[in-house]
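Remarks on the overall topology
Here are the chains, one letter per residue:
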Amino acid sequence: MVPPHLGNLSNLVYLDLGMGISNSEDTWVSDLEWLSSLSSLQYLYLRYLNLSKASTNWPQAVNMLPLLLELRFSSCQLYDLPQTLPFVNFTSLQKLDLSYNKFSSPLPDWLFNFATLVEVRLRSSNLTGPIPKVSEGNLCNLQVLDLSSNSVEGEIVELIDTLSRCSNSSLETLELNTNNLAGNLPDSLWSLKNLKSLVLASNKFTGKLSDSLGSPGYLEYLELSHNLFSGPLPESAGNLSSMEMLDLSFNMLSGTITEDTIPDWFWRLEPTIWWLDLSHNQLRGKLPKSMAFPRNLGVWINLESNQLEGTIPLWSNVTNLLLKNNLFSGPIPSNIGHEMSLLQNLDLSGNFLNGSIPPSINNMSNLNFLDRSSNQLSGTIPRQWQGLQYLMFLDLSKNNLSGDISSSMCSIPSLGWVYTGVNCGNRISNGLLSLRANMLTGSIPEKLCHLSNLHILDLAQNNLSGSILSCLGSLPRLKTLRNFFTLGPSTHDITFNNHMELVIKGRESVFTKIIPLINGIDLSSNNLGGEIPEEIANLSTLGFLNFSWNQLTGRIPENIEGLQRLEALDLSHNHLSGPIPPSISKLTFLNYLNLSYNNLSGKIPSSNQLQSIDNPGLCGPPLSISCLISSNIGDSEDKDGDRAIKLQFYISAVLGFLVGFWAIFGTLVIKKSMRHAYFRFLDKTMDELSVLIAVNVAARLRRKNGMERN
């Protein structure tokens, strides 16, 4: 607890009781009345201090500090933000930070009517309602306004118009992203001459981007993504000569970029830009074959999900190039590995590229993400991969690749790299290998088992043969849980989210941010034979396992309960036999199980997870077929022995009957004298029986008549 006798320091000018995140619950304040005694205080920092018990009286206490210049109460668990104050005494306030609190209330008017305010930060504080009206002449000294990540609604026209009428408007940073703001952007926004950073992403703004967009010549960061802007990209964007980051993604912007007539604004951005994101729009045309971005630190270019066509460009100094889901065609340039050797992330998936994979990619020594899936690539997989020192993600699925899986792929260092928490900074190292839906043949190379960081292996829908490698049960990432985390991203952080299509629980889905948490093996729809190796059960962190549509034989491993975190298991359409192991009921995470179209038999174990069963030899719930003799599956060998003894008894009885029958009647058929004697014997016996019956019947009739006369 903060001692209230701090209020005795009447000459105190600077007070910083800010705590770290880990100590925020341990240090708290019951009330702030003692602040009123610090009449000389100018700087008050209580960041991460627990003020929940003083939440109702903090404004009154602060209002007694007439000389206060800076107030920082971020992450203080404040709940109360008064809508009105009887009077405002801290009229010298310049910097106010109330971010990361829990107000759940509208923005109060008094906050926006300080002529002295230079910086206002209210990020992520559960604020609602519209932006209050700003009196003429107020906020003219404002340099930073951050209302991001709240639920603020309405339009911003009135706020921007008021600020633009200031003769000396000082606004440099305006962050209103991740709210419910709507309407058109006023033209007056682009008259704010000192504006350097404008972040309005993730709102509901509509309309066309103004031709005046390029007026603020000092604008460096412009983020308008995830809105509803439409129409063409304005030519005036080229006037943004200081632009470093431009993000207009996830809108409905249109326009044509042609190889022969590149817009002038595109060329003028080239010297300074390091982040350009125009993805998820309706841009069309061809990209220039070459552009030289001089920035030594590399450039991030994202043009995915548009209607761009032509061949793949070669842009030097680009470190991240994302062109997926467009209309690019033709072969991948054979010299791409030489011209773009700085590439770290390359995504060409979802296009119409053909031809073979150029061997020059082996020169991209910094490459860690390579996705060329869903194209029309053909030929064999290159043999040289050793140059890709840092490759962590490789997806060549859904092409027409043929031949076998190159064993050199299993020597990629980073696919076998165990995460240590040091080498990759705030990133998570992934081991992902997908060659799904090609025409690959041969067996699964044993060297795949050496990829110690591999946690997603997808070789489904090929023509692979041979057996399932038992050494797959030794993959470290699938045997041990690890703690994976990333640092919280700021507005301008560079984040690269891998994406991957996986078939899990019978459905194809695209995964992005949670890929590091997914562990699975999919070898379905091949020609793999033999038995399922028992070592597979060692993969205790495996999330999904799909061996369906193969030629597997033998039994389901008895130790299958070792797959402790398995959620989906598909062994359907094989030739598996024997009973379902009772231990399968111990897989408590299992919610999808398909064992259909096998030769399984015996009683189905008691389990709520059994969903798809189509094996004629099975009985018991959930099937309607009852088991005639209830017994434990463990006694199946004894039951087989009993059935064999019964079968021998029935065969002996039938053979004895046939032998006895033909021993007697065969003699009658063959020897005539024996046949006559036998039938004379039958006739004599029949006559004697007839006489005996007639005598007995006559005697009974006489007795009956005599009794009636008496």
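Now for a quick tour of the structure.

What counts and how
Residues numbered from 1 in each chain as written. Predicted model: local features only at pLDDT ≥ 70, side-chain atom pairs only at ≥ 80, totals over all residues. Heavy atoms only, no water. Disulfide = S-S within 2.5 Å. Helix = DSSP H or I, 4+ residues; strand = E, 2+ residues; numbered from the N terminus. Buried < 20%, exposed > 50% of the residue type's maximum accessible area, 1.4 Å probe, protein only. Core = buried A, V, L, I, M, F, W, Y, C linked by side-chain atoms within 4.5 Å. Contact = heavy atoms within 4.5 Å. Patch = residues over 30% accessible without salt bridge, like charges linked within 9 Å, V, L, I, M, F, W, Y side chains within 5 Å. Areas by Shrake-Rupley, 256 points an atom, 1.4 Å probe, with all protein chains shown as cover. Salt bridge = Lys/Arg side-chain N within 4 Å of Asp/Glu carboxyl O. Lys, Arg positive; Asp, Glu negative; His and termini not counted. Charge placed at Lys NZ, Arg CZ, Asp CG, Glu CD. Phe/Tyr/Trp six-rings, centres within 6.5 Å; stacked < 30°, edge-to-face > 60°. Lys NZ or Arg CZ within 6 Å of the ring centre and 35° of its normal. Polar contact = N/O pair within 3.5 Å; in protein donor to acceptor, adjacent residues only side chain to side chain. Pairing = 2+ DSSP bridges.

1. Considering the state of the cysteines
Following the criterion strictly, the structure yields two disulfides and no others. Note on cysteine connectivity: cysteine 140 is disulfide-linked to cysteine 166, with sulfurs 2.0 Å apart. Between cysteine 140 and cysteine 166, the S-S torsion sits near -75 degrees, and that sign places the bridge as left-handed. Remark: cysteine 166 occurs in the loop between helix H2 (157–164) and strand E9 (173–175) and cysteine 140 occurs in the loop between strand E6 (128–130) and strand E7 (144–146); sequence separation between them is 26 residues. Of the residues examined, cysteine 140 reaches a relative accessible area of 11% and is grouped as buried. Judged by relative accessible area, which is 10%, cysteine 166 ranks as buried. In this model, cysteine 449 is linked to cysteine 471 through a disulfide, with the two sulfur atoms separated by 1.9 Å.

2. Notes on the nonpolar core
Formed by 159 residues in total, the largest nonpolar core has its most connected members in Leu32 and Phe73. Listed by contribution, the elements that provide at least two residues to this core are helix H1 (58–62), H2, strand E20 (299–302), strand E22 (314–316) and strand E23 (318–322). Residues within four places of leucine 32 in sequence aside, it is in contact with Leu46, Leu51, Ala54, Asn57, Trp58, Ala61 and Phe73. Core analysis: the second largest hydrophobic core is formed by 13 residues, Leu432, Met500, Leu502 and Ile504 among them.

3. What about the environment of leucine 96?
For leucine 96, the location among the structural elements is in strand E4 (residues 95–97). In this structure, the C-alpha to C-alpha distance between leucine 96 and valine 120, residues 24 residues apart in sequence, is 5.0 Å. Setting aside residues no more than four positions away along its own chain, leucine 96 makes contact with Leu71, Leu111, Leu117, Glu119, Val120 and Arg121.

4. Focus on a negative patch on the surface
On the surface, Glu531, Glu534, Glu535 and Glu558 cluster together into a negatively charged patch. Looking at glutamate 535, the relative accessible area reads 35%, which means it is partly exposed.

5. Brief notes about the packing of aromatic side chains
Taken as a whole and judged by the stated rule, the model has nine aromatic pairs. Taking 5.5 Å as the distance between ring centres and 25 degrees as the angle between the ring planes, the aromatic pair formed by phenylalanine 90 and phenylalanine 114 counts as stacked. Of the two residues, phenylalanine 90 is situated in the loop between strand E3 (70–72) and E4 and phenylalanine 114 in the loop between E4 and strand E5 (119–121); the sequence distance between them amounts to 24 residues. Across this residue pair, the class does not change: phenylalanine 90 and phenylalanine 114 are buried. Aromatic rings pair up to connect Tyr14, Tyr43 and Tyr45 into one cluster. Taking NZ or CZ as reference, arginine 47 lies 5.2 Å from the ring centre of tyrosine 45, over its face.

6. As for the side chain of asparagine 399
Among the secondary structure elements, asparagine 399 is positioned in the loop between strand E29 (393–395) and strand E30 (400–403). In this structure the side chain of asparagine 399 is engaged in a polar contact, spanning 3.3 Å, whose partner is the backbone nitrogen of asparagine 375. A polar contact of 3.0 Å, which involves the side chain of asparagine 399, links it to the backbone nitrogen of leucine 377. In contact with asparagine 399, not counting residues within four places along its chain, are Arg372, Ser373, Ser374, Asn375, Gln376, Leu377, Ala437 and Asn438.

7. A word on the pattern of salt bridges
Tallied over the full model, the rule gives 14 salt bridges. Its salt-bridge partner being glutamate 119, residue arginine 121 comes within 2.9 Å of it at the nearest N-O pair. We classify glutamate 119 as buried; its relative accessible area is 10%. Residue lysine 398 pairs with glutamate 508 through a salt bridge whose shortest N-O separation is 2.6 Å. Placement of lysine 398 in the loop between E29 and E30 and of glutamate 508 in strand E35 (residues 507–511) is noted, with a sequence separation of 110 residues between them. Each of Glu70, Arg72, Asp97, Glu119 and Arg121 takes part in salt bridges that share partners, so that together they form one network.

8. A short note on the pairing of strand E10 (residues 180–183)
Here E10 shows a clear split, with Leu181 and Gly183 buried on one side and none of Asn180 and Ala182 buried on the other. With two bridges connecting them, E10 and strand E12 (residues 204–208) associate as parallel partners. Of the residues in E12, the one forming a bridge with glycine 183 is phenylalanine 205.

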